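As a plain string of letters, each chain reads:
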Amino acid sequence: MAEAQEFEKVLTQSETSVASFEDRSTLRKIQHFLHSTPAAVPLIVLVMSIIIFGLTIGGKFFSSYTLTLILQQIAVVGILGAAQTLVILTAGIDLSIGVVMVISAVVMGNCAIHYGIPSGISVIIGLAVGGLCGLLNGVLVAKVKLPPFIVTLGTWYIVMATNFIYSANETLRDADVEAIAPFLQVFGESFKVGKAVFTLGVVFMLILVIGLWYALNHTAWGRHLYAVGDDPEAAELAGIRTDRVLLGTYALAGVIAGLAAWVSIGRNGSISPSAAVTDYNLQAITAAVVGGISLFGGRGSILGTLFGALIVGVVSMGLNMLGADPQWKVLLTGVLIIAAVAIDQWIRKVAG
């Protein structure tokens, strides 16, 4: 009898151990899936957010007009987030990305309206200004070996002050831009697909993100960028010129900020130097972090950044439609950021 009870006890412990092993195995598979597919978590959160707000608010939230309005609202942040993502993937950060966008817009507007330069050339000049600002950050980080946080914090002050000095804090009105340089507002043009309303700015954002996704995943440049962010010393030993990768990444981020400036002109109509005080930097970082881009570098998908921007857009729109206090949006955004970093740490610890 005692032997039978002992055998049953051993059998029960064995079954428990097998079940525990299977649970750990399943958990391990989930973690490896999330590690290999970094855009999966923000996509799941995005779908859940849409479903929750849709069920709470009703069919009005699920309308094509509402969902495409969210896309319009996050177009500028989505583009800036893409630029920020490139820098974060190298284990850096760019705190100046927002003011670089603003000064690029101011330069485009002044060249076209005050200096009489053709709109197309004015846009190129604005993009060049953005690229030079990014290149300055890249030189200080890659060549002088200064910390990205300190460098871009310093250039944030420099570019913002330059923006106000150059523009004399003069806002270029919507009517003046439309009358003299309508090409600057081209990304504000809209078209309908059924009841859905899209702008050219939204289309451009989607094309840019898809293009960068392809470059990051299917070109040598993309592989080098990930390698530098993951382990710069190993990348150098593999023959990768890490300084060139960093220079190119920061410069490209500046050019993309210039493109965001062009889209923002189409979105807002007017061009205001005071937009430099808006938290575009934090919004871009938020989109990247909520989208699963690791602040430690070397891991994440730029598609996740798009999903991250959409998550914040959905939360904002949903709370507005519910008539909630705007501070709830701030609170939930903070929760999303902390949760995203915690999930990244969890995935790195177990699957890394």
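The protein chain is annotated in an unreviewed UniProt entry as ABC transporter permease of Rhizobium glycinendophyticum. Its UniProt record gives the protein chain the following Subcellular location (unreviewed entry) comment, quoted word for word: "Cell membrane".

Draft legend 1. Examining the overall build of the protein chain more closely. Per the secondary structure count, the protein chain includes 14 helices and two strands. Dimensions along the principal axes, computed over C-alpha positions, put the protein chain at roughly 100 × 55 × 35 Å. Each of the 352 residues in the protein chain was classed as buried or not, and the buried ones make up 47%. Sequence-distant contacts in the protein chain: of pairs separated by 6 or more residues, those separated by 24 or more amount to 76%.

Draft legend 2. Structural view of the packing of aromatic side chains. Considering all chains together, one arrives at seven aromatic pairs under this definition. Where F53 meets F61, the ring centres are 6.0 Å apart and the plane angle is 35°; that geometry is what we call tilted. Exposure class is identical for F53 and F61. Each is buried. Here the aromatic rings of W156 and Y157 are separated by 4.7 Å at their centres, their planes lie at 75°, and the arrangement is edge-to-face. Feature note: the residues F183, F187, F204 and W262 constitute an aromatic cluster, connected by ring pairs.

Draft legend 3. Spatial organisation of the side chain of N110. Positionally, N110 belongs in helix α4 (residues 97–113). A distance of 2.8 Å separates a polar side-chain atom of N110 from the backbone oxygen of V106. Contacts of N110, omitting those with residues within four sequence positions, involve Y115, Y166 and L172.

Draft legend 4. Spatial organisation of a negative patch on the surface. Together, D230, D231, E233 and E236 line one region of the surface with negative charge. Structurally, E233 can be placed in helix α10 (residues 232–237).

Draft legend 5. Seen up close, helix α11 (residues 242–268). Relative to the 39 Å expected for 27 residues at 1.5 Å per residue, α11 spans 38 Å between its end C-alpha atoms, a close match to the ideal helical length. A large share of α11 lies buried, amounting to 21 of its 27 residues. The first or second residue beyond α11 is G269, which carries a positive phi of 90°.

Draft legend 6. Inspection of the environment of A83 at higher detail. Looking at the secondary structure, you find A83 in helix α3 (residues 64–89). Residues A83 and Y250, 167 residues apart in the sequence, show an inter-C-alpha distance of 8.5 Å. Residues within four places of A83 in sequence aside, it is in contact with I97, A253 and I256.

Draft legend 7. Representation of the side chain of T68. Note on placement: T68 falls in helix α3. Using a relative accessible area of 6% as the deciding quantity, one classes T68 as buried. Within polar-contact distance, the side chain of T68 engages the backbone oxygen of S64 at 2.7 Å. Non-local contacts of T68, meaning those with residues more than four positions away in its chain, are made with A196, V197 and F198.

Draft legend 8. How the structure looks around a nonpolar patch on the surface. On the surface, L132, L135, V139, V144 and L146 cluster together into a nonpolar patch covering about 390 Å² of accessible area. Examined against the element boundaries, V139 turns out to sit in helix α5 (residues 119–143).

Draft legend 9. Fine view of the pairing of strand β2 (residues 196–199). In the sheet, strand β1 (residues 190–193) pairs with β2 via four bridges, with the strands oriented antiparallel. Across the sheet, V193 pairs through a bridge with A196, a residue of β2. Between β1 and β2, which follow one another and run antiparallel, lie two residues, and G194 among them has a positive phi close to 70°.

Draft legend 10. Quick look at the pattern of salt bridges. With the rule as written, the count across this model stands at three salt bridges. A salt bridge links D243 to K143; the shortest N-O distance between them is 2.9 Å. Of this pair, D243 sits in helix α11 while K143 is found in helix α5, placing the two residues 100 residues apart along the sequence. Classification of D243 as buried rests on a relative accessible area of 14%. The salt bridge partner of R241 is D243, with a shortest N-O separation of 3.5 Å. A single network of salt bridges, built from pairs that share partners, joins K143, R241 and D243.

Draft legend 11. How the structure looks around the packing of α4 against helix α6 (residues 148–167). Viewed as axis vectors pointing N to C, α4 and α6 meet at an angle of 25°, and their least axial separation amounts to 9 Å. Put simply, α4 runs roughly parallel to α6. α6 is crossed by α4, and the crossing has left-handed handedness. Counted together, V99, V100, V102, I103, V106, V107 and N110 of α4 and W156, V159, M160, T162, N163, Y166 and S167 of α6 form the full contact between these two elements. Here the residues of the contact of α4 with α6 sort into ten nonpolar, four polar and no charged.

Draft legend 12. Main features of the packing of α3 against α11. Look at α3 against α11: their axes get within 8 Å of each other, and the N-to-C directions meet at 175°. Regarding the angle of α3 to α11, the classification is roughly antiparallel. Judged by residue contacts, Q72, Q73, A75, V76, I79, L80, A83, L86 and V87 of α3 engage T249, Y250, L252, A253, I256, A257, A260, V263, S264 and R267 from α11. Class assignment of the residues belonging to the contact of α3 with α11 gives a composition of 14 nonpolar, four polar and one charged.

Each value, and the rule that gives it
- Residues numbered from 1 in each chain as written.
- Predicted model: local features only at pLDDT ≥ 70, side-chain atom pairs only at ≥ 80, totals over all residues.
- Heavy atoms only, no water.
- UniProt positions renumbered as here; feature names shortened; annotations may be inferred.
- Helix = DSSP H or I, 4+ residues; strand = E, 2+ residues; numbered from the N terminus.
- Buried < 20%, exposed > 50% of the residue type's maximum accessible area, 1.4 Å probe, protein only.
- Contact = heavy atoms within 4.5 Å.
- Phe/Tyr/Trp six-rings, centres within 6.5 Å; stacked < 30°, edge-to-face > 60°.
- Polar contact = N/O pair within 3.5 Å; in protein donor to acceptor, adjacent residues only side chain to side chain.
- Patch = residues over 30% accessible without salt bridge, like charges linked within 9 Å, V, L, I, M, F, W, Y side chains within 5 Å.
- Areas by Shrake-Rupley, 256 points an atom, 1.4 Å probe, with all protein chains shown as cover.
- Salt bridge = Lys/Arg side-chain N within 4 Å of Asp/Glu carboxyl O.
- Lys, Arg positive; Asp, Glu negative; His and termini not counted.
- Charge placed at Lys NZ, Arg CZ, Asp CG, Glu CD.
- Expected span 1.5 Å × (residues − 1).
- Pairing = 2+ DSSP bridges.
- Axes fitted to C-alpha atoms, helices over the stretch in contact; angles between N-to-C directions.
- Parallel < 35°, antiparallel > 145°, perpendicular 65-115°, else oblique.
- Left-handed = near helix turned anticlockwise from the far one by under 90°.
- Nonpolar A, V, L, I, M, F, W, Y, C, P; charged D, E, K, R; others polar.

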